[in-house]
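Structural features, examined
So the chains spell out like this:
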Amino acid sequence: QVQLVESGGGLVQAGGSLRLSCAASGRTFSGYAMGWFRQAPGKEREFVAAISWRGWTTKYADSVKGRFTISRDNAKNTVYLQMNSLKPEDTAVYHCASNADNFVSTTASYFGSWGQGTQVTVSS
């Protein structure tokens, strides 16, 4: 498995921005699709965004379209989630995950390796 470590979370005011990073170690994520999911207290894990290996295909949850952008720098084994116009309902622990099949899925079960998450809190 690829080890994934998220960073960049924090406390921001509504309307602010954060950029999350997910760094892969142990192995490269060559050929892997990558995704971001989030989980708020008392709620199930929710799909946020995903990107294919070459970045040619991306998917976003309807709730974040137009506000969040997923990208990757394969030379650095890193995937990013740029979050703009943040809302209180974006508050959650954000996890990155890898899919060795390079399938840009919105379903968590298709992703085999997961990071521990980074907390994003948006105040109103």
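Refer to the structure above for everything that follows.
Before going into details, it helps to say that this report is about the structure given with it. (Residues numbered from 1 in each chain as written. Predicted model: local features only at pLDDT ≥ 70, side-chain atom pairs only at ≥ 80, totals over all residues. Heavy atoms only, no water.)

**So, the overall build of the protein**
Each helix and strand counted, the protein has zero helices and 11 strands in total. Ordering the α and β elements of the protein from the N terminus gives β-β-β-β-β-β-β-β-β-β-β. Taking 14 Å as the expected radius of gyration for a compact globule of 124 residues, we find that the protein reaches 13 Å, a close match to that expectation. Along the three orthogonal principal directions, the C-alpha set of the protein runs to about 40 × 25 × 25 Å. Residue burial in the protein is summarised as follows: out of 124 residues, 44% are buried. Once local pairs closer than 6 in sequence are excluded, the contacts in the protein between residues at least 24 apart make up 59%. Of the roughly 6300 Å² of accessible surface on the protein, 46% is carried by carbon and sulfur atoms. (Helix = DSSP H or I, 4+ residues; strand = E, 2+ residues; numbered from the N terminus. Rg over C-alpha atoms; globule rule 2.2 N^0.38 Å. Buried < 20%, exposed > 50% of the residue type's maximum accessible area, 1.4 Å probe, protein only. Contact = heavy atoms within 4.5 Å. Areas by Shrake-Rupley, 256 points an atom, 1.4 Å probe, with all protein chains shown as cover.)

**Thoughts on the nonpolar core**
If you look at the biggest cluster of nonpolar residues, it comprises 34 residues, and the most contacted ones within it are W36, V48, F68, L81, M83 and Y94. Of all the secondary structure elements, the ones that give two or more residues to this core are β3 (18-25), β4 (33-39), β5 (46-51), β7 (68-73), β8 (78-83), β9 (92-99) and β11 (118-123). In terms of residue count, β5 provides more of this core than any other element does, five residues in total. Dropping the residues within four chain positions of it, V48 is found in contact with W36, F37, R38, K59, Y60, A61, V64, F68, L81 and Y94. (Core = buried A, V, L, I, M, F, W, Y, C linked by side-chain atoms within 4.5 Å.)

**A short note on the state of the cysteines**
The final tally for this structure, using the stated rule, is one disulfide. Each sulfur of the disulfide joining C22 and C96 lies 1.9 Å from the other. Taking the torsion about the sulfur-sulfur bond, which here is approximately 55°, the covalent link between C22 and C96 counts as right-handed. Placement of C22 in strand β3 and of C96 in strand β9 is noted, with a sequence separation of 74 residues between them. A relative accessible area of 1% means that C22 is categorised as buried. The exposure class of C96 is buried, given its relative accessible area of 0%. (Disulfide = S-S within 2.5 Å.)

**Focus on the sheet that holds β8**
An order of β1-β3-β8-β7 is seen for the four strands of this open sheet, with the pairing classed as antiparallel. The open sheet terminates on both sides in strands that have one partner only, identified here as β1 (3-7) and β7. Strand-to-strand twist in this sheet, taken as the mean axis angle between neighbours without regard to direction, amounts to 15°. Of the strand pairs in this sheet, β3 and β8 are connected by six bridges, and their pairing is antiparallel. In the strand pairing of β8, S21 is matched with Y80. (Pairing = 2+ DSSP bridges. Axes fitted to C-alpha atoms, helices over the stretch in contact; angles between N-to-C directions.)

**Here's the deal with the packing of aromatic side chains**
Taken as a whole and assessed by the stated rule, the structure comprises five aromatic pairs. Each ring, one from F37 and one from F47, has its centre 5.6 Å from the other, and the planes form 75°; the classification is edge-to-face. Residue F37 is located in strand β4, and its partner F47 is located in strand β5; the two are separated by 10 residues in the primary sequence. Members of the aromatic cluster, joined through ring pairs, are F37, F47, F111 and W114. Directly above the ring of W114 sits R45, whose terminal nitrogen or CZ lies 4.3 Å from the centroid. Its guanidinium or amino end placed over the ring of F103, K59 lies 5.9 Å from that ring's centre, counting from NZ or CZ. (Phe/Tyr/Trp six-rings, centres within 6.5 Å; stacked < 30°, edge-to-face > 60°. Lys NZ or Arg CZ within 6 Å of the ring centre and 35° of its normal.)

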